[in-house]
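# Observations on the model geometry
These are the residues of each chain, in order.
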Amino acid sequence: EVNVIIHADDSVTVINDGRGIPVDMHPEEGVSAAEVVLTKLHAGGKFDSNTYKVSGGLHGVGVSCVNALSERFEIEIWRPAKGETASSTWEQEYSKGIPKAPLKKTGKAGRKTGTKVTFWPDPTIMDVTKFNFDTLATRLRELAFLNKGLKITLTDEREDPARISEFLFNGGIEEFIKHLNRGKSTLHDKPIYFEGEKDLPNGKLVMEVALQYNDSYSETVFSFANNINTVDGGTHLSGFRSALTRTINAAGQQAGLFKDVKENLTGDDVREGLSAVVSVKLPQPQFEGQTKGKLNSDIAGIVQAFVNERLGGYFEQNS
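Residues numbered from 1 in each chain as written. Predicted model: local features only at pLDDT ≥ 70, side-chain atom pairs only at ≥ 80, totals over all residues. Heavy atoms only, no water.

Within the protein chain, the secondary structure is distributed over 7 helices and 16 strands. With respect to the principal axes defined by its C-alpha atoms, the protein chain has extents near 75 × 50 × 35 Å. Within the protein chain, the proportion of its 319 residues that are buried is 42%. For the protein chain, restricting intrachain contacts to residue pairs at least 6 apart in sequence, the fraction spanning at least 24 positions comes to 62%. Carbon and sulfur atoms make up 50% of the accessible area of the protein chain, which amounts to about 17,200 Å² in all. The distance from the centre of the 37 positive side-chain charges to the centre of the 43 negative ones in the protein chain is 4 Å. (Helix = DSSP H or I, 4+ residues; strand = E, 2+ residues; numbered from the N terminus. Buried < 20%, exposed > 50% of the residue type's maximum accessible area, 1.4 Å probe, protein only. Contact = heavy atoms within 4.5 Å. Areas by Shrake-Rupley, 256 points an atom, 1.4 Å probe, with all protein chains shown as cover. Lys, Arg positive; Asp, Glu negative; His and termini not counted. Charge placed at Lys NZ, Arg CZ, Asp CG, Glu CD.)

Moving on, we get to the packing of aromatic side chains. Tallied over the entire structure, the rule returns 9 aromatic pairs. Plain terms: the ring middles of Phe145 and Phe176 are 4.6 Å apart, the flat faces sit at 10 degrees to each other, and that makes the pair stacked. Pair noted here: Phe145 is in helix α3 (residues 133-146) and Phe176 is in helix α4 (residues 173-180), with a separation of 31 residues, a long-range link. In this structure, Phe145 and Phe176 share a single accessibility class: buried. (Phe/Tyr/Trp six-rings, centres within 6.5 Å; stacked < 30°, edge-to-face > 60°.)

The subject of this paragraph is the pattern of salt bridges. Any two side chains of opposite charge can pair, on the condition that their charged atoms come close. For the coordinates displayed, the defined rule picks out 20 salt bridges. Where Arg158 meets Asp10, a salt bridge forms, and the shortest distance between an N and an O atom there is 2.9 Å. Of the two residues, Arg158 is situated in the loop between β8 (152-156) and β9 (163-167) and Asp10 in the loop between β1 (2-6) and β2 (12-16); the sequence distance between them amounts to 148 residues. A relative accessible area of 8% places Asp10 in the buried class. Ionic pairing is found between Asp199 and Lys204, a salt bridge with its closest N-O pair at 3.3 Å. For Lys204, a relative accessible area of 40% translates into the label partly exposed. What emerges from the salt-bridge pattern is a single network uniting Asp10, Lys130, Asp156 and Arg158. (Salt bridge = Lys/Arg side-chain N within 4 Å of Asp/Glu carboxyl O.)

At a minimum axis separation of 7 Å, α3 and α4 run at an interaxial angle of 135 degrees. The orientation of α3 relative to α4 falls into the category oblique. Residues Arg141, Glu142, Phe145 and Leu146 of α3 pack against Ile173, Glu175, Phe176 and His179 of α4. Here the residues of the contact of α3 with α4 are counted per class, giving 4 nonpolar, 1 polar and 3 charged. (Axes fitted to C-alpha atoms, helices over the stretch in contact; angles between N-to-C directions. Parallel < 35°, antiparallel > 145°, perpendicular 65-115°, else oblique. Nonpolar A, V, L, I, M, F, W, Y, C, P; charged D, E, K, R; others polar.)

Spatial strand order, β10-β11-β14-β12-β13: 5 strands in an open sheet with mixed pairing. The sheet is open, and its two borders are formed by β10 (192-200) and β13 (228-229), each paired with just one other strand. Strand direction decides the pairing type here: β10 and strand β11 (residues 203-213), joined by 9 bridges, are antiparallel. Counted as the bridge partner of Glu197 is Val206 from β11. With respect to the sheet, α4 is in contact with β10, β11, β12 (220-225) and β14 (274-281), its orientation differing from that of β11 by roughly 30 degrees. The strands touched by helix α7 (residues 300-317) within the sheet are β10, β11 and β14, with β10 carrying the most contacts at an inclination of about 145 degrees. (Pairing = 2+ DSSP bridges.)

Buried residues dominate β1, accounting for 4 of its 5 residues. Here β1 runs beside β8; their pairing, made up of 5 bridges, is parallel. Paired with Asn3 across the strands is Thr153, a residue of β8. Of the pairings in the sheet, the one linking β1 to β2 comprises 5 bridges and is antiparallel in character. Bridge pairing in β2 links Asn3 to Ile15. Counting the residues that bridge the hairpin from β1 to β2 gives 5 residues, and of these Asp10 lies at a positive phi of roughly 70 degrees.

Helix packing for two helices is described by the angle between their axes and how far apart those axes are. Between helix α5 (residues 235-254) and α7, whose axes approach to 8 Å, the crossing angle comes to 35 degrees. Judged by the sense of rotation from one axis to the other, the crossing of α5 with α7 is right-handed. Here α5 contributes Thr235, His236, Ser238, Gly239, Phe240, Ser242, Ala243, Leu244, Arg246, Thr247, Ile248 and Ala251 to the contact with α7, which in turn contributes Ala300, Val303, Gln304, Val307, Asn308, Leu311, Gly312 and Phe315. Grouping the constituent residues of the contact of α5 with α7 by class yields 10 nonpolar, 9 polar and 1 charged. (Left-handed = near helix turned anticlockwise from the far one by under 90°.)

Right, dumping it as structure tokens:
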């Protein structure tokens, strides 16, 4: 569960119930592991494939940048120290990225684990220090769609009474499609959904696809890699697109829906009125560009084979 709170003074708190950022002393740096994470670039847990199965980070600069760009930054961590079974509470405060004192243990936390961060954007750097509720809600809703069963709440204490949005989608991207098609006339009741896994040399590739046609002429297709919206597409999207065209043509030929054997639908034809979400999760993704807008990892063939097989099977069962 993740909770995001915008406070009346425009500071933001983010709380999760994960395992908590490590707190033990870092052997090489001589400070706590938490301080290394918060002050050193390239110190994320995603550089070794043992820590996270998948991660979206590229350079390990996320939270260290937030810390550096905040006039005040407070962290509270609940987790056991090395060799202990019960959790302790650990706290530290920063100003503009500089620690005010070392991380210290401030109490017992029982069985609770997780991390709580509160930060105040630095007005000497940021032109705008007010957070937009709708911008945050859109991204957090997207994350909840992409990770079924993850509960994210967004609370805005600047309003009275506080404005609260809760995002939890057990149907995952299938519910994302229903959200995209709300208010439109759909051509079939339920979105077509399938997921699958494939072993890669360095781990597992998890693929999820959901699609549904509506009676509009436009196409709405979103692609994601490790929860990052790849706005410029990439190998996962091109694999999906070529499989969609090929599978629909094969099904049409087989059902005798084309007057001429040589007749085929084009990619543009099959994408008219399409709402689709393609989400892949893979270890060590290769992105193009600093904004990670395009996925370059070599998975087009795998995604294409997966969609061919699953969509083909769907058409056979639902002629």
